[in-house]
Amino acid sequence: MAAPRKLASFRLPPLPTIGEVIKLYNLRAEKQLSQNFLLDMKLTDKIVRQAGNLKEAHVCEVGPGPGGLTRSILNAGAADLLVVEKDTRFMPGLKLLSEAAPGKVRIVHGDILNYRMDRGFPSSIIKEWEDVPPDLHIIGNLPFSVSTPLIIKWLENISNRTGPFTYGRTRLTLTFQKEVAERLTASARSRQRSRLSIMAQYLCTVKSCFTIPGRAFIPKPEVDVGVVHFTPLARPQIEQPFKVVEKVVRNVFQFRRKHCRKGIEMLFPAAQRLELAEVMMREADVDPTVRPMELSIPQFRTLSDAYARLCTSDPALLTYDFREELRLKHLGRKMGKPPGTLGDTVDPHTQKPL
Ligand code: SAM
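Conventions used here
- What you see as residue numbers is a count from 1 along each chain, following the sequence as written.
- In keeping with the model being predicted, local features are shown solely for residues with a pLDDT of at least 70 and side-chain atom pairs are shown and tallied solely at 80 or more, while totals for entire chains, interfaces and linings include all residues.
- Computation of side-chain values: all heavy atoms of the structure, hydrogens and water removed.
- Whether a residue is near a molecule or strand depends on its heavy atoms: if one lies within 4 Å, it is near.
- The definition of a polar contact used here is a pair of N or O atoms within 3.5 Å, where within protein one atom must be able to donate a hydrogen and the other to accept one, and adjacent residues in sequence count solely through side-chain atom pairs.
- Using the Shrake-Rupley algorithm and a 1.4 Å probe, accessible areas are obtained, with residue cover drawn only from the displayed protein chains.
- To qualify as a helix, a DSSP run of H or I must reach at least 4 residues; to qualify as a strand, a run of E must reach at least 2; elements of each kind are numbered from the N terminus.
- Residue count minus one, scaled by 1.5 Å, sets the expected span of a helix.
- Buried residues are those whose accessible area, probed at 1.4 Å on protein chains only, stays under 20% of the maximum for their type, while exposed residues exceed 50% and partly exposed ones sit between those limits.
- The contact criterion used is simple: two residues touch if any of their non-hydrogen atoms lie within 4.5 Å.
- Pairing between two strands requires that DSSP report at least two bridges joining them.
- Comment: axis = line fitted to C-alpha atoms, over the contacting stretch for helices; angle = value between 0 and 180 degrees taken between N-to-C directions.
- For classification purposes, angles smaller than 35 degrees are called roughly parallel, those larger than 145 roughly antiparallel, those between 65 and 115 roughly perpendicular, and all remaining angles oblique.
- Handedness of a crossing follows from how the near helix is turned relative to the far one, being left-handed for an anticlockwise turn of less than a right angle and right-handed for a clockwise one.
- Here the nonpolar group is Ala, Val, Leu, Ile, Met, Phe, Trp, Tyr, Cys and Pro; Asp, Glu, Lys and Arg are the charged ones; every other residue, Gly included, is treated as polar.
- Residues belong to a common nonpolar core when they are buried Ala, Val, Leu, Ile, Met, Phe, Trp, Tyr or Cys residues joined through side-chain atoms within 4.5 Å.
- Note that domain bounds follow an automatic or database assignment of domains.

> Would you take a moment to explain the site of the ligand for this structure?
Residues in contact with the ligand amount to 21 residues; listed here are only the nearest, Leu38, Gly63, Glu85, Asp111 and Asn141. A distance of 2.8 Å separates an oxygen atom of the ligand from a polar atom in the backbone of Leu38. Contact distances for the ligand include 3.3 Å between a nitrogen atom and a backbone N or O atom of Lys86. Against a free-state accessible area of 600 Å², the protein chains account for coverage of 98% of the ligand. Mapped onto the shell around the ligand, the elements with two or more residues apiece are β1 (37-38) and β3 (80-85).

Encoded structure:
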């Protein structure tokens with residue numbers, strides 16, 4: 001029997017360097033758009049290696065800019081690379097790259113925050129959620145101002161299996177400001193443990209890959225950069241709607257130095273606050289004097305489950321937002337009403353207005 005024919009590995013033909021492309025098309029980094037370019041191909045290759053095997057893979061690169069990371073993705077053997085770039089100045093350089101890799105690069109001029117990735121790839125690549133991840137990867141070195149809202153949006157998409165996760169458990173390799181990368185991967189009791197740690201880790205295996213010093217970018221940003229890899233979990237650690245988990249986690253972390261009881265109480269209207277918070281913590285088997293950053297994800301699971309049960313008995317709880325109450329109180333003060341007349345909120349322990 002004839003041996004299977006090996007696919008010749010693809011290498012880009014000789015091209016002007018990224019530095020030359022930047023000069024050729026006059027691609028000065030726009031400070032306003034927080035553009036910081038990576039010109040060192042050893043570093044872009046290293047980022048791409050974190051994504052795993054890209055041979056014949058489908059890839060979406062977000063914010064390709066002058067195309068350094070894009071070249072590394074193509075050299076790693078991606079068969080179908082969709083790039084989404086907001087800044088029109090990069091289009092000619094990206095076209096040059098797509099001509100050097102015929103049939104492999106699709107260029108979208110648009111904003112990744114609005115782009116419908118569920119329509120970007122063939123349905124033939126879809127995998128069942130519990131199956132292995134699809135052969136689709138998202139890779140990007142985005143401005144910090146975009147990467148944080150984007151990961152929150154994508155975490156919600158993971159929870160609902162929408163957007164890029166219509167295809168299954170699509171993996172992500174993204175850069176963040178080092179401090180944000182640390183928060184995403186922080187374990188219980190670490191100083192960086194925060195809302196972002198819980199929201200990312202209940203839905204994904206989150207791996208901190210390596211740190212890129214700020215000086216590797218042009219122009220140099222104020223901070224270092226962390227590369228983070230996400231694989232959505234086949235079974236999320238908390239099986240409640242994203243908005244419910246988000247509300248519990250947000251409330252718990254709003255008083256991050258206090259006992260967790262304080263944030264949990266704020267999930268409930270003043271009149272029921274102490275009673276329902278106690279029921280919730282008892283049902284969740286959580287010690288009220290534990291600090292938010294000491295809570296484990298299984299503890300956030302029991303807390304979210306207990307909160308969801310209370311909301312089933314009284315659906316109005318779900319829409320209760322104590323900050324709205326504070327806003328009304330503030331409004332009442334402005335209108336000259338005495339405290340306690342217009343949505344006034346008091347600390348249930350001290351009875352002082354909050
Ligand atoms: N990937 C390139 C690199 O590593 O050298 C460029 C990195 S630069 C930090 C971020 C890139 O993302 C820029 O090209 C910028 O124009 C693009 N970008 C910023 N916001 C974007 C958005 N909302 N959607 C798509 N691209 C965006």
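There is more to say after this.
> Help me understand helix α11 (residues 297-313), please; the structure alone is not making it clear to me.
Note that an α-helix has 3.6 residues per turn; residues three or four places apart therefore point the same way. For α11, spanning 17 residues, the distance from its first C-alpha to its last is 25 Å, which sits close to the expected 24 Å at 1.5 Å a residue. Within α11, the full set of buried residues consists of Ile297, Phe300, Leu303, Ser304, Ala306, Tyr307, Ala308, Leu310 and Cys311. Looking at the buried side of α11, the elements it contacts are α7 (195-201), α8 (242-253), α9 (260-265), α10 (273-284) and α12 (316-319).

> I'm lost on the pairing of strand β6 (residues 171-177) in this one. Help?
Along a regular strand, successive side chains alternate from one face of the sheet to the other. Counting buried residues along β6, 6 of its 7 residues qualify, which places the element largely inside the surrounding structure. One ladder, built from 4 bridges, connects strand β5 (residues 136-140) with β6; its direction is parallel. Residue pairing for β6: His137 is matched across the bridge by Arg171.

> Hey, could you run me through the environment of Glu265 in this one?
If you trace the backbone, Glu265 turns up in helix α9. For Glu265 and Pro122, which are 143 residues apart along the polypeptide, the C-alpha to C-alpha distance reads 47 Å.

> What should I look at first to understand the sheet that holds strand β4 (residues 105-109) in this one?
Whether parallel or antiparallel, the strands of a sheet pair through hydrogen bonds between backbone atoms. One open sheet accounts for 7 strands, arranged β4-β3-β2-β5-β6-β9-β7; its pairing is mixed. Only two strands of the sheet have a single neighbouring strand rather than two, namely β4 and β7 (204-212). Across this sheet, the average inter-strand angle for adjacent strands is 20°, counted without regard to direction. Examined bridge by bridge, strand β2 (residues 58-62) and β5 share 5 bridges and lie parallel to one another. Bridge pairing in β5 places Val62 opposite Gly140. Contacts from helix α4 (residues 91-100) reach β3 and β4 within the one sheet, and its direction differs from that of β4 by about 165°.

> Please clarify how the packing of α10 against α11 should be interpreted in this entry.
If you want to describe how two helices pack, look at the angle between their axes and the distance between the axes. At a minimum axis distance of 8 Å, the contact between α10 and α11 shows a crossing angle of 130°. As far as their axial angle goes, α11 and α10 are oblique. Handedness of the crossing formed by α10 with α11: right-handed. Of the residues in α11, those in contact with Leu276, Val279, Met280, Glu283 and Ala284 of α10 are Thr302, Leu303, Ala306, Tyr307, Arg309 and Leu310. For the contact of α10 with α11, a count of residues per class yields 8 nonpolar, 1 polar and 2 charged.

> Looking at this model, I keep getting lost on the nonpolar core. Mind explaining?
Most often, soluble globular proteins have nonpolar side chains that are buried together. Within the largest apolar cluster, 67 residues are counted, with the highest numbers of intra-cluster contacts made by Trp154, Phe230, Ile264, Phe268 and Met280. Broken down by element, this core gets its largest block of residues, 8 residues, from α11. Split by domain, this core shows at least three residues from each of two domains, domain 1 (18-232) and domain 2 (242-320). If sequence neighbours within four positions are ignored, Ile264 has contacts with Val252, Ala277, Met280, Met281 and Leu303.

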